[in-house]
Each structure stands twice: as structure tokens, then as C-alpha cells.
Amino acid sequence: MSDPDDEERLLPLVQRWPRASKFLLSGCAATVAELATFPLDLTKTRLQMQGEAALARLGDSARESTPYRGMVRTALGIVQEEGFLKLWQGVTPAIYRHVVYSGGRMVTYEHLREVVFGKSEDKHYPLWKSVIGGMMAGMVGQFLANPTDLVKVQMQMEGKRKLEGKPLRFRGVHHAFAKILAEGGIRGLWAGWVPNIQRAALVNMGDLTTYDTVKHYLVLNAALEDNIMTHGLSRGLLYKSSTDCLIQAVQGEGFMSLYKGFLPSWLRMTPWSLVFWLTYEKIREMSGVCPF
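## Thoughts on the overall build of the chain
Turning to step 1, where the next piece is worked out: Helix and strand counts for the chain stand at twelve helices and zero strands.
Turning to step 2, where the next piece is worked out: Reading the chain from its N terminus to its C terminus gives the helix and strand order α-α-α-α-α-α-α-α-α-α-α-α.
Turning to step 3, where the next piece is worked out: With 292 residues in all, the chain has 41% of them scored as buried.
Turning to step 4, where the next piece is worked out: Sequence separation of 24 or more characterises 71% of the internal contacts of the chain that already satisfy a separation of 6 or more.

## A word on the packing of aromatic side chains
Turning to step 1, where the next piece is worked out: Applying the stated rule across the entire model yields 13 aromatic pairs.
Turning to step 2, where the next piece is worked out: Geometrically, the ring pair formed by phenylalanine 143 and tryptophan 190 is tilted, given 5.8 Å between the ring centres and 35° between the ring planes. With phenylalanine 143 in helix 7 (residues 127-163) and tryptophan 190 in the loop between helix 8 (173-188) and helix 9 (193-221), the pair connects residues that are 47 residues apart, well separated along the chain.
Turning to step 3, where the next piece is worked out: Looking at phenylalanine 143, the relative accessible area reads 36%, which means it is partly exposed.

## Things to note about the environment of valine 153
Turning to step 1, where the next piece is worked out: Here valine 153 is to be found in helix 7.
Turning to step 2, where the next piece is worked out: Counting along the chain gives 60 residues from valine 153 to proline 93, while the straight-line C-alpha distance between them is 8.9 Å.

What counts and what doesn't
Along each chain, numbering runs from 1 in the same order as the chain's sequence is written. Given that the model is predicted, a residue must reach a pLDDT of at least 70 before its local features are reported, and side-chain atom pairs must reach 80 or more before they are shown or counted; all residues, however, enter totals for whole chains, interfaces and linings. Hydrogens are left out, water is left out, and the side-chain values use all remaining heavy atoms of the structure. Secondary structure follows DSSP: runs of H or I at least 4 residues long count as helices, runs of E at least 2 residues long count as strands, and numbering of each begins at the N terminus. Summary of the burial criterion: residues with accessible area below 20% of their type's maximum are buried, those above 50% are exposed, and those between are partly exposed, where the area comes from a 1.4 Å probe applied to protein chains only. We call two residues contacting when some pair of their heavy atoms lies within 4.5 Å. Pairing of aromatic rings covers Phe, Tyr and the six-membered ring of Trp, with a centre-to-centre limit of 6.5 Å; geometry is then stacked below 30 degrees between planes, edge-to-face above 60, and tilted otherwise.

So far we have only geometry, and geometry alone does not tell us how the molecule works.
Below is the structure:
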């Protein structure tokens, strides 16, 4: 008679630790998406920071003194003046943040969908459950990732200080983390968590809810298979939503600057989400995990 413990040890890792496996897989997909699109984020951030720094130094004459304008010219300027690899400068804290954030939100959403709310017998998942699940998953993911998000923002601010000619405060990611912890304690790592989780709830209501709903609608009603074409189509339809575009535009800049930086933000978020979902579904398939 076989021992149940021996049988469990023979199971694949994804079956023995399903949630941990999904957390790692979503972290891997987020890393791929971040590496693929980080130059867009760096260019957008550098473009915004150089304008703010010039305005602080020169006032109204800043417009004429800005070194380069536009995303393409900014990216080319970085490559020519600093080198090609500088387009990925600061990617480490961004990866840390997305591994925790994406892992937390994806595992939470699937747990709510499969265990807490549950699907109907015909595999239908009501929209209202998906909306609640998406918002709760975003809140959990952002709360877990708040320390890494804080470090990422602080490291980005170092770029602004450098442009303004001020001394840098941090030697690197780990030094920034240690300094924030030393100055503010554990609570300091969760500074600003309330507005952050509110934003994450709205973003994931647009992201997770729409992707999950559209994908399963296509699979169940449009005679499409659960493959890369369906995954890409589900992701593309998401960004036709005016609500989602609104969220992407205002999430970091406030309502009054709704149209400021809209195109760079959209160009950044659309490919990130597309790469993430395609990668995530593929590595789930390769690892023997059922599709999302």
C-alpha cells in the first residue's frame, strides 16, 4: 500500500504548491514584460523630469532650454549621450515591484474566482464577481508591493535630483530600502498605501476583469480556442475601453492633467499588458498549469 506522503512528493511542483507556482510564473511574466517595455517608461519619466527640472531652474525660459522633446528624440538622446544600456537604468526596482505586485494580484484573483466566488456549472463567471475580484486582487497586490513601489519612486526621484544638480541620496536599491526603513520604520515602507490601493483597485477592475471576461466569452461563445490569438485579442479589446484609458492617463498625474502624457502612458501600458498576458499564458502552458 503506497504512502500518501510518497505520492505527494512524486507530483509535479505546480500541483504540490499551486499558488506558489502561479506566483512565480506571474512574476516571470511580469519580468519579461518589464524588460521589454522599460525603455518606454524610462523615456517617459526622463521627459517629464527634465521639463520639471528646467522649469524649476529657469522659469519661463525653460521651454527653449530643454535638451530634447518628444519620446523618440529623448530615447535617441539617451542612447547617444549615455549609451544603449542606459535605457534600462533603474529596471531593478521596477522588476522587484512588479514581481510582488503581479504575483499578489494574480494569485488573489484566481483564488477568489475558483474558491471564494466560484464559477457556475456551465463555466460562466458573472461580471459582478469578476469586478469585485479584480478590485480586491489589485488592492492585495498593491498592499504587498507598496514597499517596492515606494523604493521605485524614490529611485526615480534620484534622476530628477541629478538633473537639478542636487546630491544623490541613495547608492542603490538596497541602500534606498535600508534608509527608508531606518528613517520611517516598518510603517514608513507603507507610506501612501491608501491612495495606492485605491488606484490599483480601479486599474485591475479594468485589467483583470476585462481580460478574464472577454477571453472566456470568446472561448465559450465565439468558437475560438484558448490560444495566443484569443489571448492577444482579449488584451486588445481591453484598451478600447474608455474607462481603462482614463485610468491609465490620470493614475500618476491627477485629473487636471488628464491629457498630459496620455500618449506616452498609453504607449507604455498597452505593450506591457500585451507582453505580460501572452507570456503568462504561454509559461503556464509550458509548466503544465491550466490556462488563466
